[in-house]
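Understanding the architecture of this molecule
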Amino acid sequence: MSKKSYKQTVMMLLFTVVFFAIALAVDTGAEKGEMLPFQNYNLSFEERTADLVSRLTLEEKVKLLDETSEAIPRLGVPRYHFGNEALHGVVRPGQFTVFPQSTALASTWNDELMYQIATAISDEARGKNNFYKGDVPDLYCGVLSFWSPDINIARDPRWGRTPEAYGEDPHLTSRIAVAFVKGLQGSDPKYIKAISTPKHFIANNEEHNRFECNAIISERAMREYYLPPFEATVKEANAQSIMAAYNATNGIPCNADKWLLTDLLRGEWGFDGYVVTDCGALSTMISGHKYAKTRSESAAFGLNAGVDLECGDQVLKDNLIEALKAGLVTEETIDRAVFRVLRARFRVGMFDPPEMVPYSKISPDVIGSKKHQELARRAAQESIVLLKNEKVADKPLLPLDVENIKSIAVVGPIANICVFGDYSGTPLNEPVTPLQGIKNKVADRIKINHAEWIPAAKDLDYFLLTAENLIPDGGAQGERGFKAEYFNNAHLKGKPVLTRIDDKINIDPLSDKPDPQIPLGSFSVRWSAKLVPAVSGEHNFALSAEGTARIYINGKLLLQTEGRKAPAIKSGQFVNFDKMHRDKRERVTATATLEAAKQYDIVAEYSYIDGNALVRLDWYYPSPEIAKTRAAEMEMIRNSDVVIAALGIGLDDEREGKDRENLDLPYDQMNYIKQVLAVNPKTIAVLINGSPLSVNWIDENVPAVVEAWYPGEQGGNGIADVLFGDYNPGGRLPMTFYKSVVDLPPFDDYEVSKGRTYMYFTKQPLYPFGYGLSYTTFQYSNLAIDKKKAKESDTITISVDVKNTGSRDGDEVVQLYVRDVESSVKQPLKQLKGFKRVHIKKGETKTVEIPLAVKDLNFWDVDANRFVVESGEFEIQIGASSSDIRLSDSVLVEKKI
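About the criteria used
Residues numbered from 1 in each chain as written. Predicted model: local features only at pLDDT ≥ 70, side-chain atom pairs only at ≥ 80, totals over all residues. Heavy atoms only, no water. Pairing = 2+ DSSP bridges. Helix = DSSP H or I, 4+ residues; strand = E, 2+ residues; numbered from the N terminus. Axes fitted to C-alpha atoms, helices over the stretch in contact; angles between N-to-C directions. Parallel < 35°, antiparallel > 145°, perpendicular 65-115°, else oblique. Left-handed = near helix turned anticlockwise from the far one by under 90°. Contact = heavy atoms within 4.5 Å. pLDDT = per-residue confidence, 0-100. Salt bridge = Lys/Arg side-chain N within 4 Å of Asp/Glu carboxyl O. Buried < 20%, exposed > 50% of the residue type's maximum accessible area, 1.4 Å probe, protein only. Expected span 1.5 Å × (residues − 1).

**Thoughts on the sheet that holds strand E36 (residues 845–853)**
The strand order across the open sheet formed by 3 strands is E31-E33-E36, and the pairing between neighbours is antiparallel. The open sheet terminates on both sides in strands that have one partner only, identified here as strand E31 (778–785) and E36. Shown here is a sheet whose adjacent strand axes are inclined to one another by a mean of 25°, direction ignored. With 6 bridges joining them, E31 and strand E33 (residues 795–804) adopt antiparallel strand pairing. Following the sheet pairing, tyrosine 780 is matched in E33 by valine 802.

Take a look at the structure:
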């Protein structure tokens, strides 16, 4: 038996002895009012948890292994819901601070800032928890466990969840992820502030087939590329939970992979938290992977592999007892999972008086506080990447000089909306659009011209009715979209279980499911808003649904599905039911005569009982009016001194459940920017998106290009700060921007060494990894390495002098790359091993030091089945991006003796 196996066996025996000793030794007379050991605050969490588990019946135990754990009143165990989201702010319930999306946060290359943001998020989570005083009136209320961060590496920009991730590099992802987990979980030596759940373990990188995907990955690629961020969050940040992925790797579903969830995670890394499935993953072992034949078998596969908690379909809750009776799982294994899940609840202080838990003093007033607003604005500023800034009339177009500008046109599809990205909460404070941010900055000195966006893709019959032309009922000023009220019944009865802002009406069974707390067996939803058309005329609407759906405008029925005959329409009503028809896809259409800028009450109701939940509302402007309106807009643009065009994509293009087919901007936006540039060459393109775009024509022709990502609730202010020079941009790309999707290997090829990322990509990218411009310039000199010869146990320090040689203060991100000069195996062209973001005043020189552990120069030796560091020469490269290496030297790693 190996030392590792022996240690695991001893630990399991000790747990069993302690567990049963407490169970036998303790007087269980709770009726006598005596303090039971699990209520004794002087005992360790492990002792208290073991005691509590010993008092549970088998039926009670399995109920605790579901994301919504039922209360056990006889022991004072409250109901608890384990799952919420906090990628860039708490998602629900209620309103919180919405920070920039994850890709944007990675673009700051600032792990210290990430720690501050995660601390603010956990402050707001605790503030909400303290507001409820431990009560859980509805799902998510006061939740202190979060399914965040998403640290799957974005190996391919087509992946729909790229915006949730931290980019394509394992080192950058690890540093940002560790900071997030530490900030979320807090620094108290005893209590956890909020449980962080890094996800999805492992290699969750495709959405179109995620329920049956089988990622074929060599162990070397797994060890060197996909696993390091998870290992770092476990070993360095003590992550309290891990979420297993939907997909399989090398033929085994991740939720059934004992090597992954037990041998590696717990045995090698020392993880002592709980493992939760992705939602419904145990069911997909049957339906998608065909790995299990029954729900009992799937439950046993998961629990035996190392799963402790289930999100989704209650496979554990409903089938574990049957699996136990069939001999597929032991009660000891069930006890082990219950112990891990309950111990996490002890660790957040759920069973202790508030005065013992330091985080119980955090006030709900911290939510959306001025401090957090300012932090959100700083995050937006630091995340913005300046991609291009050419001279126009002998001067760089940016930053804009307010003294020499009389008018600005702010246009484009995202000029007057806030796009937050997936897993975003509802902001407590008024979110700031790019248009509003620019108005806040200069409206008192410069005339701001604006035209509402009108899509003009004539090759499309319809497009989704989306947020720009919608003012939600009861929404904050500047907020756009529908007020959405979700009910846990099919009749819109009672109190909504969820109220939020939806940017569209589009529910489908695969890519856009309702919120997890909505029961898929039976639910209903009401959407309501003010519809504000940009063009007058006959507007075409199309409603597709499975289930009963109705659309009302100004209280009058416009559309309904399921073949129900519409009520008689009185003469004079604007609805033209003669044009309404039905097709085989349960799709009905109608026209309505609407006036530009006038507000119309639009209400949509949808009821669903079984089958596939599906409802979608499309809209098409009156085509004869588009040309006239666009011509007037172009004249306004021509007569403006400068044009700011906000372009990009959103949840219709990239999200959970939806991959991208290409990397281009939508066709109508490309046509639009060409029209804009033709009438006014002083045009700035502001890109708002969550993953790389192949904007080749824009890069070649538009003089200034700014990557703003999904910039959060303060995004408009952050964009304005950069455009007008109140903030000097210092963001850097966390991913390669490719010129075309044809430059990418096949989507399902997980071997990064076959031409993926800056580490192995040999063609010319559009913008390289680590790239970003500034309004100032930096000069590198005096590269120094404190040890030119080093052993594997050494840590060397690389230092470099960086001088701000321009006319403005600014941030520089100093990047350290390493290249193995002569290796016995294929190695990256270069690999990021360190970075530091520093603020340098104009004319100032700073010495930047970056440590490098020699052991991190390793690779996974397939034959030795371990990481090794080869002796020989390693090139040390210091630069401003992966393609802009300023200085280099070498280190000789000496052979082991």
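There's plenty left to go through after this.
**Section: the packing of helix H15 (residues 434–442) against helix H19 (residues 715–723)**
Relative orientation of the contacting elements H15 and H19 amounts to 55°, with a least axis distance of 7 Å. One way to sum up the angle between H15 and H19 is to call them oblique. Viewed along their axes, H15 and H19 form a crossing whose handedness is right-handed. Between H15 and H19, the residues in contact are Pro434, Gly437, Ile438, Asn440 and Lys441 and Gly716, Asn717, Ile719, Ala720, Asp721 and Leu723, respectively.

**Notes on the confidence of the model for the protein chain**
In the predicted model, the protein chain carries a mean pLDDT of 90, and 89% of its residues have values of at least 70. Contacts for the low-pLDDT stretch residues 457–461, under 50 throughout, to residues beyond four places or in other chains number 5 contacts. Here residues 563–585 scores under 50 on pLDDT; set against residues more than four positions off or in separate chains, the count is 37 contacts.

**Describing the sheet that holds strand E34 (residues 810–820)**
If you trace the 5 strands from one edge of the open sheet to the other, you get E32-E40-E39-E34-E35, paired in mixed fashion. This sheet does not close on itself; its edge strands, each paired only once, are strand E32 (789–790) and strand E35 (831–840). Judged from the 9 bridges that link them, strand E39 (residues 872–881) and strand E40 (residues 884–893) form a sheet pairing that is antiparallel. When the sheet's bridge partners are listed, phenylalanine 874 is paired in E40 with valine 891.

**Focus: the pattern of salt bridges**
A side chain with one charge may pair with a side chain of the opposite charge, provided their charged atoms come close. One pass over the full model with this rule turns up 54 salt bridges. Here arginine 161 ties to glutamate 656 by a salt bridge, and the two come within 3.4 Å at their closest N and O atoms. Of this pair, arginine 161 sits in the loop between strand E4 (145–146) and helix H6 (170–185) while glutamate 656 is found in the loop between strand E28 (642–648) and helix H17 (667–679), placing the two residues 495 residues apart along the sequence. With its nearest N and O atoms 3.9 Å apart, the salt bridge here joins aspartate 652 to lysine 504. Placement of aspartate 652 in the loop between E28 and H17 and of lysine 504 in the loop between strand E18 (498–502) and strand E19 (506–507) is noted, with a sequence separation of 148 residues between them. Looking at lysine 504, the relative accessible area reads 7%, which means it is buried. Look at the salt bridges and you will find they share partners, linking Arg161, Glu164, Glu207, Arg210 and Glu656 into a network.

**Brief notes about unusual backbone geometry**
Cis geometry is found at the peptide bond from phenylalanine 201 to isoleucine 202, where omega equals 20°. Mapped onto the elements of the fold, isoleucine 202 is located in the loop between strand E5 (195–196) and strand E6 (214–215). In the segment running from leucine 398 into proline 399, the intervening peptide bond is cis, with an omega of 0°. Within the fold, proline 399 resides in the loop between strand E11 (385–389) and strand E12 (407–411). A positive phi angle, near 55°, is found at glutamine 314, a position not held by glycine. The topology assignment puts glutamine 314 in the loop between helix H11 (295–305) and helix H12 (315–325). A relative accessible area of 29% places glutamine 314 in the partly exposed class. At threonine 757, a residue that is not glycine, the phi angle is positive and equals roughly 65°.

**Remarks on helix H14 (residues 370–383)**
With 14 residues, H14 ought to run about 20 Å at 1.5 Å a step, and its terminal C-alpha atoms sit 20 Å apart, in line with that. Taken residue by residue, H14 has His372, Gln373, Leu375, Ala376, Ala379, Ala380, Gln381, Glu382 and Ser383 as its buried positions.

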